[in-house]
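# Geometric and topological summary
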Amino acid sequence: MRAMVSLEPAHTLTRPGPAAGTAAAETAGFTVVKGQIIEWSWFGPPPDAAPTLIFLHEALGCVAAWRAFPRSLADRLGFGALVYSRAGFGRSGPGVLPLPLDYHQREALDCLPELLNQAGIRQAVLVGHSDGGTMALLHAGVVRDPRVRAVVTIAAHVFNEEITLQGIEAAKREYRESFRQPLARYHGNKASAVFWGWSDIWLSPAFRSWTIAPALAGITQPLLAVQGADDRYGTLAQVDAIVEGVSGPAERLVMPACGHVPHLEKRDELVDAVARFVGALQFA
């Protein structure tokens, strides 16, 4: 039986995108996607004025957890940026637990296309971290939306590894000892559901053989795969599988002395690298 995460207070719903008459200021609000209340923030120009960066967060992330990275990258490129929290995360409404084995596919194939349509996206670059990177790969490889012009993954997974399981076991100990309160700052009373929903599904026997590798061949857009050399949740076999598995041009970037969260640990270097990659692409 699935348990519903408690609902946040009532939200005023608005279509994702910049407020009328604004060019670069932040706009934030809530919308409904597949019956679920979704928190979003927008930086920079509207979709009819520039391409849009779409930020997909990690398994414990949300809009606020990205911190300054989306705005920094959008400002550097002169692009718009749409950042959102999936259902059950951040200030979004409730999610459903336990997570299904195909939760990456459901988000990538069902929810993300509706959100892009609501926002009126015309040209997009998907920027996904960890789980969000996996979802970006699935969307690009299966949906094959022509609006998606490029993909940037940061510490994405395409299969489960022993190091992943070890990292999650360590995270469980840290959560019990000291991480509960920091996570609650982002997710409020949903923090426990966010953490255990992630750890339980990844450590379940049914998830040991999980992989999205077959979807990679459908990716024809330019792709940049980033990973920290010291990522405790995955080996460099992950970025190798991505770069070797896609059908389009792909670049591999391994950041030295960096763990699982390059956009926080090495923000300036990552902004430089992604801006170089995206800046070299051709947009209509």
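Here we summarise the structure given alongside this text. (Residues numbered from 1 in each chain as written. Predicted model: local features only at pLDDT ≥ 70, side-chain atom pairs only at ≥ 80, totals over all residues. Heavy atoms only, no water.)

## Focus: the sheet that holds strand 5 (residues 80-85)
This is how it is decided: When DSSP finds two or more bridges between two strands, those strands count as paired. Working definition: helices are DSSP H or I runs of at least four residues, strands are E runs of at least two. Numbering for both runs from the N terminus. Helix axes use the C-alpha atoms of the stretch in contact, all axes being lines fitted to C-alpha atoms, and the angles between their N-to-C directions lie in the range 0 to 180 degrees. In this analysis, two residues are considered to be in contact whenever any of their non-hydrogen atoms come within 4.5 Å of each other.
Read from one edge of the open sheet, eight strands run 2-3-5-4-7-8-9-10, paired in mixed fashion. Because the sheet does not close on itself, it has two edges, and the strands there are strand 2 (27-33) and strand 10 (250-255). Pairs of neighbouring strands in the sheet enclose a mean axial angle of 20°, with direction left out of account. Examined bridge by bridge, strand 3 (residues 36-43) and strand 5 share five bridges and lie antiparallel to one another. In the strand pairing of strand 5, E39 is matched with S85. Across the sheet, helix 2 (residues 103-119) is in contact with strand 2, strand 3, strand 4 (52-56), strand 5 and strand 7 (124-129); its angle to strand 2 comes to roughly 125°.

## Some points on the layout of surface pockets
For the record, the criterion: Using a 1 Å grid laid over the protein atoms alone, points where a 1.4 Å probe fits but cannot get out form a cavity; open sets with protein on both sides within 12 Å along at least 5 of 7 lines form a pocket; any residue with an atom within 4 Å of a point counts as lining. Grid points are joined across faces, edges and corners, and a volume is the space filled by probe spheres set on the points.
Looking at the largest pocket, its volume works out to about 600 Å³. Together, 27 residues line the largest pocket, and E58, L60, F179, Y233 and V261 are the ones closest to its centre. Counting only elements with at least two residues in the lining of the largest pocket, the list comes to helix 4 (162-187), helix 5 (191-203) and helix 7 (262-265). At 10 residues, helix 4 tops the list of elements feeding residues into the lining of the largest pocket. There is about 480 Å³ of room inside the second largest pocket. Taken together, 25 residues make up the lining of the second largest pocket; nearest its centre are Q36, A87, V96, L99 and Y103. Looking at the lining of the second largest pocket, the elements with two or more residues in it are strand 6 (96-97), helix 2, helix 3 (131-143) and helix 5.

## Considerations on the pairing of strand 9 (residues 223-228)
Cut-off, in case you're wondering: Any residue under 20% of the maximum accessible area for its type is buried, any over 50% is exposed, and the rest in between are partly exposed; the area is computed with a 1.4 Å probe on protein chains only. By the criterion used throughout, a crossover qualifies as right-handed when its path from the first strand across the helix to the second strand runs clockwise, the strands pointing away from the viewer.
With six of six residues buried, strand 9 is to be regarded as a mostly interior element. Side chains L223, A225 and Q227 of strand 9 all project onto a buried face; the interleaved residues L224, V226 and G228 project onto the opposite face, where all are buried too. Where strand 8 (residues 148-154) and strand 9 come together, four bridges link them in parallel fashion. When the sheet's bridge partners are listed, T153 is paired in strand 9 with A225. Examined bridge by bridge, strand 9 and strand 10 share six bridges and lie parallel to one another. When the bridges of strand 10 are listed, A225 appears paired with R252. The parallel pair strand 9 and strand 10, bridged by helix 6 (residues 237-245), forms a crossover whose chirality is right-handed.

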